[in-house]
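Breakdown of the fold
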Amino acid sequence: MVVVVETDELAHRLIDDLGAWLDEDDVAVLPERGTLPLERALPERDESASRLEALARLTGAEHGLVVVAPIAALWQRTLSAERLHAARRRVKVGDHVGQRELVERLVAAGYDPTPEVTGIGELAVRGGLVDLWPPGESDPIRLEQFGDEVEAIRVFDPITQASRSRRKEILLLPAGEFFIPEPQALRAAVEAQLGDVGHLSATLQTDLARLEAGDLGEAAETWITFLTAGPTADHVPKDAHVVLTDVEQLRGRALEADDWAAGRRSSLVGAGELPPHWQLPYLATETFGALLDRSAERLEEGDATDAAFGHAPIPPGRADQVGEWLRDRAASGARVVVATDQASRLAELVGDTPGRIGPVDALEAPPEPGSLALVHGSTGAGFIHEPSNFVLLSDRELFGATRVRRLFASKRVVTRDLLGQLEPGELVVHIDHGIARYVGMTQRALGDQVREFLQLDFAGDDKIFLPADQVGRITRYSGGPAPGLSKLGGREWANTKRRVRQAVLDLADDLLELYAARERAEGFAYPPGTTWQRELEESFPFTETPDQERTIAEVAKDMARRRPMDRLVAGDVGYGKTEVALRAAFRVVEAGRQVAVLVPTTVLAQQHLLTFQRRLAAFPVKVEMLSRFVSKGDQQRVVAELAAGTVDVVIGTHRLLSRDVSFADLGLLVVDEEQRFGVAQKEKIKQLRREVDVLTLSATPIPRTLHLSLVGIRDLSVIETAPEARLPILTRIAEDDDGLVRDAITREMDRGGQVFYVHNRVETIEAAAARVRKLVPKARVAIGH
């Protein structure tokens, strides 16, 4: 079955709901590529890998597979089903596979040869080893050969490169959706469509030359009609059951997409970037029409069905009444199933109801009439089926919201060595000679050998050639503004190192004194989590990432010890650091102590206040704020209540460190982005560290803080798993173009997101806003400066 929905988000939401009824192997999402029509961009390997994995499952499935696809994923072009099938290869231990033939085949299938495999779609050959990371695999694979025989297939860690486990066989899928034809065939196809290629723009001629050399570059989406076979919808098997949801919405989306593509082409033709007869990247309306002709079902929002299903009833609003309502429903003979992320909390509300099942992770059999089953997990919404007297309730009916599911991709970010990262022109620091500018790699003859060197330019005409095997003697310059280059010889660099060494020793003395005092201090051991703690955790509206769960456990373990906690939690913005701090704060408040959350700006203080108040609203916890957003009278009241102990959590800027602020019993200090406080504030924070638990949150820890954590003086937790809905940050530098601005804003709005359009002059900001309103009439535009 192929179910067509409007957006990528709706596809993932439906897959999450289907997960309550079907096994993981029976469902798949076919995602869309996140590119604009005719956009110049490097192909996103992870996107294509996910699409190819879903297409391979779709074309290879005999029965029982449900694929959910946003409509855009089906009109976007891709390789043909025949080419996908031909490029697949199953390799087993004991097979005879010529290494050269295998590698050539993999490169032709879109794999990138690299020195070391660290990402999906990469390939590395070392002697009898072939390392590669095929789509559909959570980790890279190592093929070990003796001659032509495959002796072993191992899974290995992309970070350490160490083997972890063995496999008996592996399915190798192609790594890319774009296949470059042979040079003669490509040029012939271009000339057949466009005539003499000499009339093409300089950019397109460069693209063509690179494509003929086998390099996609940024040309994939622009040249897509020459590099793919047709729409992805062509892969849907002829006997598949096609279901369209909300047909008119899908039709409107297809019409809009074709308008975008045509408008984008017009603007590029007008700018001389494309010739007038350049083919459109897709035909969305045509693809939609073909799917409509094939569809067996067309489900509109609010449609009645002939299967007697209806909307689930809504229980009363108060928590104490929910338990009684559920008991009454079961007592009336209904089969009631509640799928909830707060099953343990609900079990307490319903008590020992006759016929109660669970809480359980899964129901093995249909519940009997008059029973009430509690199941861990959630679905998007419940329903009622009158003929069988069956009621399914979800968190949406019980609590007004459901937890947002996050499916975690298994890709990891792996840092390459310094040589792979350095760009010509960058500043580096040589341990013996000081600041230099890296010029690039060069080869020089030494006797009868040719060796590689890094050319480093110093002040004046000074330069040295550093052997590539001594790259460890330089590091990237990571200080503030670019300094002057060092002069070779002389005492200047030696004196600089001596001053730094003395400053480090002075700092080390201070830190040793501070942390020795912390080790001797008698901290407070917090008791294990209570029912309230569990309720707070279950009310979190998202699924915790694995890194988040580990960090929460590490903080709880620290707080259970008598030694004062000093932990740094590092993670990008939006990765869930605040939730870690909130749970720690709640544990402290439950023990009768106070929490201070110190932030660098008034806006951040306001954000944290709203988050803490919303999450703690169901509990008797008093949260206040101290910042210049708060009136003088209210500030005096909060300061007095802090001293009296009637405020549990205070969130504030450096105002919290003023002399008039004192606490009745401070148990935890949470410092958000410590590097943004001044020297005086840091001294005050340092004194507090001697006595209380400290949790530091940072997206960009300063080198000193990070180093203290890495050498073990401070504890470190890293949250590096991105939430599933979090898109990678893509940066484009391009000429200002109405079509590009409109497409970028429209794409973000279609995702349900928001856009910041940054303008550089208050004087002309009204004109900038008028431009956006004209380009995107459906956008609600506000101005802030």
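Residues numbered from 1 in each chain as written. Predicted model: local features only at pLDDT ≥ 70, side-chain atom pairs only at ≥ 80, totals over all residues. Heavy atoms only, no water.

A closer look at the packing of helix 18 (residues 577-590) against helix 19 (residues 602-615)
Put simply, the test is: For helices, the fitted line uses only the C-alpha atoms of the stretch in contact; every axis is such a line through C-alpha atoms, and the angle between N-to-C directions lies from 0 to 180 degrees. Helix and strand assignments follow DSSP, with helices taken as H or I runs no shorter than four residues and strands as E runs no shorter than two, numbered in order from the N terminus. Each angle receives one of four descriptions, namely roughly parallel if under 35 degrees, roughly antiparallel if over 145, roughly perpendicular if within 65 to 115, and oblique otherwise. Crossings are assigned a handedness: left-handed for a near helix turned anticlockwise from the far helix by less than a right angle, right-handed for a clockwise turn. What makes two residues a contact is simply this: any of their non-hydrogen atoms within 4.5 Å. In this count, Pro and Cys sit with the nonpolar residues alongside Ala, Val, Leu, Ile, Met, Phe, Trp and Tyr, while Asp, Glu, Lys and Arg are called charged and the others, Gly among them, polar.
Between helix 18 and helix 19, the least distance of the axes is 11 Å, while the angle of their chain directions is 55 degrees. Considered as vectors, helix 18 and helix 19 are oriented oblique to each other. Of the two elements, helix 18 crosses helix 19, and the hand of that crossing is right-handed. In contact with Thr578, Glu579, Leu582 and Ala585 of helix 18, helix 19 contributes His608, Thr611, Phe612 and Arg615. Of the residues assigned to the contact of helix 18 with helix 19, the class counts are three nonpolar, three polar and two charged.

Section: the packing of helix 6 (residues 183-194) against helix 7 (residues 202-212)
Packing of helix 6 against helix 7 brings their axes to within 9 Å, and their N-to-C directions diverge by 150 degrees. Taken together, the axes of helix 6 and helix 7 lie roughly antiparallel to each other. Contacts between helix 6 and helix 7 involve Pro183, Leu186, Arg187 and Val190 on the former and, on the latter, Leu208, Leu211 and Glu212. Along the lines of polarity and charge, the residues of the contact of helix 6 with helix 7 split into five nonpolar, no polar and two charged.

A short note on the environment of Gln279
Spelled out, the test is: Two N or O atoms count as a polar contact when they lie within 3.5 Å, although within protein this holds only if one can serve as hydrogen donor and the other as acceptor, and sequence-adjacent residues are included solely when both atoms are side-chain atoms.
Its place among the elements puts Gln279 in the loop between helix 9 (247-270) and helix 10 (284-294). Ignoring any residue separated from it by four or fewer positions in sequence, one finds Gln279 in contact with Gln193, Thr225 and Arg265. Side-chain polar atoms of Gln279 contact the side chain of Gln193, separated by 3.3 Å.

What to know about empty space enclosed by the protein
Sizing a probe to match a water molecule and rolling it over the atoms shows the empty space that remains. Where we set the bar: Detection works on a 1 Å grid of protein atoms alone, calling trapped sets that fit a 1.4 Å probe cavities and calling open sets with protein on both sides within 12 Å along at least five of seven lines pockets, with lining residues defined by an atom within 4 Å of a point. Grid points are joined across faces, edges and corners, and a volume is the space filled by probe spheres set on the points.
With the rule as written, the count across this model stands at three cavities of 30 Å³ or more. For the largest cavity, the calculated volume is near 60 Å³. The element that contributes the greatest number of residues to the lining of the largest cavity is helix 5 (residues 99-108), accounting for three residues. Among the residues forming the lining of the largest cavity, the class breakdown is eight nonpolar, no polar and two charged. Volume-wise, the second largest cavity comes out at about 50 Å³.

Comments concerning helix 24 (residues 765-775)
Defined as follows: Exposure classes here rest on a 1.4 Å probe applied to the protein chains alone. A residue is buried below 20% of its type maximum, exposed above 50%, and partly exposed in between. The directions from the helix axis to the C-beta atoms are what the arc is built from.
Along helix 24, the positions that sit buried rather than exposed are Ile765, Ala768, Ala769, Val772 and Leu775. Across the axial projection of helix 24, the buried residues extend over an arc of 125 degrees, all falling on one side. Residues Glu766, Ala767 and Lys774 are exposed on helix 24 and point more than 90 degrees away from its buried face. Of the surrounding secondary structure, the elements contacted by the buried residues of helix 24 are helix 23 (738-750).

Side note on the packing of aromatic side chains
Threshold: The rule is short: rings of Phe, Tyr and Trp, with Trp giving its six-membered ring, pair when the centres are within 6.5 Å, and they are stacked under 30 degrees, edge-to-face over 60, tilted in between. In this analysis the charged atom, NZ for Lys or CZ for Arg, is taken to sit over a ring once it is within 6 Å of the ring centre and within 35 degrees of the ring normal.
Using the criterion set out here, one finds nine aromatic pairs in the structure. With a centroid separation of 5.9 Å and an interplanar angle of 65 degrees, the aromatic rings of Phe226 and Trp278 are classed as edge-to-face. Within this pair, whereas Phe226 is found in helix 8 (residues 224-227), its partner Trp278 is found in the loop between helix 9 and helix 10, the two being separated by 52 residues in sequence. In this structure, Phe226 and Trp278 share a single accessibility class: buried. Grouped by ring-pair contacts, the aromatic residues Trp21, Phe309, Phe383 and Phe390 constitute a single cluster. Its end group placed over the ring of Phe156, Arg142 keeps NZ or CZ at 4.1 Å from the ring centre.

Let's talk about the pattern of salt bridges
As a reminder of what qualifies: Throughout this description, the term salt bridge denotes a Lys or Arg side-chain nitrogen within 4 Å of a carboxyl oxygen of Asp or Glu.
This structure, assessed with the given rule, holds 37 salt bridges. Ionic pairing is found between Glu256 and Lys778, a salt bridge with its closest N-O pair at 3.4 Å. In this pair, Glu256 sits in helix 9 while Lys778 sits in the segment after helix 24, placing the two residues 522 residues apart along the sequence. You can call Glu256 partly exposed: its relative accessible area is 27%. Residue class for Lys778 comes out partly exposed when judged on its relative accessible area of 46%.

Points about helix 23
To keep things clear, this is the line we draw: Multiplying 1.5 Å by the residue count of a helix minus one yields the expected span of that helix.
The end-to-end C-alpha distance of helix 23 is 18 Å, a good match for the 18 Å that 13 residues give at a rise of 1.5 Å each. Taken together, the buried positions of helix 23 are occupied by Gly739, Val741, Asp743, Ile745, Thr746, Glu748 and Asp750. For helix 23, the secondary structure elements touched by its buried residues are helix 9 and helix 24. Residue Gly752 follows helix 23 closely and has a positive phi angle near 85 degrees.

In short, geometric facts, not functional conclusions.
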